[in-house]
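The residues making up each chain are set out below.
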Amino acid sequence: MSAKLQQFLEQANQDAAESGIDMNEAQKGGGGARLLPEGYAFGRLIEYIEFGNQPQEFGGKAKDPALEFAVGFALWGQGYQNDDGTPVIVRTYNTALSRNEKSRAFKMFKALNWKGTAKSYAQLMGETFLVKIKHVQKSKTDTSIVSRIDLDGFLPPLDPVTRQPYPIPEAADELYRMFLWARPTKEAWDALYVEGKYDDGVSKNRVQETILAALDFQGSPLQLLLSNGVTSLPAPAALPAAPAVAPVVAPAAVAGTIAPAAPVAPAVGVPAMPAAVAPQVATPFMAAPAVPTVPAPMVAPTTVVPSMTTSPSEPVLPV
């Protein structure tokens, strides 16, 4: 195990111990443009990134904000790696980190935690799996076919006959990325930065910009880290918009009232004195303060992992 992966696992263990959250416990209640082959690939979890509290909606209705995360896998196998033998990286969509027994995050964690040794996604860094790739339509309006992770298809990386683990290569140290919302570090933050823009002008630095737009960014450990001059923020446009604040209207000055003239009965033979009038005194006011603004599909009889000198025969996986 590399020193970097060991460091990440130590942070994950400390975070799990302090947060007290165990993804094994249910709560009651309701990659790029390359088209990968459909089927199973050898996979190793090399990314776990938390994005802070993000807006949520279901069925077109807004829900309470929730901490979102995404995981990434390095893939090997015929059709799942580059010509030089390096793995292709695939990632999930951002997902609410929920322990609701029906939630996607909870179900996926149960499949990935097949050993039963982890309490959080971060503690699964470096673990291996059989990752299923499927072909889907890109969107409701775009009929082009893209490859996506089948989140219901994860399997343990074991030969179904011998129950021995498949020879999945180690991932290069620079492929690992982990960012914990409650425990950010300069190294982890800097590793998320991606320079440049796509052809349509959209920034490639999507991960950092999404994190900076978190609803709980203000006062967060990350804001404290960045405000102390440890590192610099991306372009100001990536910062979250200030929440709407009702305008504060300063009250108008209240003028002093004029006391009514007291009726004075004139004395006999003495001219009546004019009624005394209280001086007009303006009541001072304070200005309102400024508002702070696996290889080929497992039906193949054998799979050869390019980075390994030899690869055991792989029987057909059950459908």
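1. Brief notes about the environment of Leu112
In step 1: As for its position among the elements, Leu112 is in helix H2 (residues 104-112).
In step 2: Along the sequence, Leu112 and Glu127 sit 15 residues apart, while their C-alpha atoms lie 8.7 Å from each other.
In step 3: Each residue touching Leu112, except ones within four places of it in the same chain, is listed here: Leu45, Phe73, Tyr121, Leu124, Phe129 and Phe154.

2. Structural notes on the pairing of strand S2 (residues 61-76)
Looking down a regular strand, the side chains alternate between one sheet face and the other.
In step 1: Pairing geometry for strand S1 (residues 39-58) and S2, over 13 bridges, is antiparallel. Residue Gly43 lies in a different strand from S2, and its bridge partner there is Leu75.
In step 2: The hairpin formed by S1 and S2 contains two residues between the paired strands, and Gly59 there has a positive phi angle of roughly 65°.
In step 3: Examined bridge by bridge, S2 and strand S4 (residues 95-96) share two bridges and lie antiparallel to one another. Residue pairing for S4: Phe69 is matched across the bridge by Thr95.
In step 4: Sheet topology places S2 next to strand S3 (residues 88-91); four bridges connect them, and they run antiparallel. Of the residues in S3, the one forming a bridge with Phe73 is Val90.

3. Here we look at the pattern of salt bridges
A pair can form between side chains of opposite charge whenever their charged atoms are brought close.
In step 1: This model, assessed by the stated rule, comprises eight salt bridges.
In step 2: Among the ionic pairs, Asp152 bridges to Arg104, the shortest N-O distance being 2.6 Å. One end of the pair, Asp152, is in the loop between strand S6 (145-149) and strand S7 (177-179); the other, Arg104, is in helix H2, with 48 residues separating them in the sequence.
In step 3: You can call Asp152 exposed: its relative accessible area is 60%.
In step 4: Salt-bridge contacts for Glu127 lead to Lys115; the nearest nitrogen and oxygen are separated by 3.0 Å. Residue Glu127 is found in the loop between H2 and strand S5 (128-137), and its partner Lys115 is found in the loop between H2 and S5; the two are separated by twelve residues along the sequence.
In step 5: We classify Glu127 as partly exposed; its relative accessible area is 21%.
In step 6: Sharing partners across several salt bridges, the network here consists of Glu47, Arg91 and Arg177.

4. A look at the confidence of the model for the chain
In step 1: Overall, the prediction assigns the chain a mean pLDDT of 78, with 68% of residues at 70 or greater.
In step 2: The element-level mean pLDDT for the chain is lowest in helix H1 (residues 3-19), coming to 85, with S7 highest at 98.
In step 3: The low-confidence segment residues 28-32 (pLDDT under 50) makes eleven contacts with residues lying over four places distant or belonging to another chain.
In step 4: Contacts for the low-pLDDT stretch residues 236-294, under 50 throughout, to residues beyond four places or in other chains number 33 contacts.

Parameters at a glance
Every residue gets a number counted from 1 within its own chain, in the order that chain's sequence is written. Restriction of local features to residues with pLDDT of at least 70 applies here, the model being predicted, together with a cutoff of 80 or more for giving and counting side-chain atom pairs; totals for whole chains, interfaces and linings are based on all residues. Water and hydrogen atoms were dropped before computing side-chain values, which therefore reflect all heavy atoms in the structure. Only DSSP runs of H or I covering at least 4 residues are called helices, and only runs of E covering at least 2 are called strands; the numbering of each starts at the N terminus. Here a residue-residue contact requires only that any non-hydrogen atoms of the pair lie within 4.5 Å. Two strands form a pair only when DSSP identifies at least two bridges running between them. Basic side-chain nitrogens of Lys or Arg form a salt bridge, by our definition, when they fall within 4 Å of a carboxyl oxygen of Asp or Glu. Only protein chains enter the accessibility calculation, which uses a 1.4 Å probe. A residue is then buried if its area is under 20% of the maximum for its type, exposed if over 50%, and partly exposed in between. On a range of 0 to 100, pLDDT expresses the predictor's confidence in each residue.

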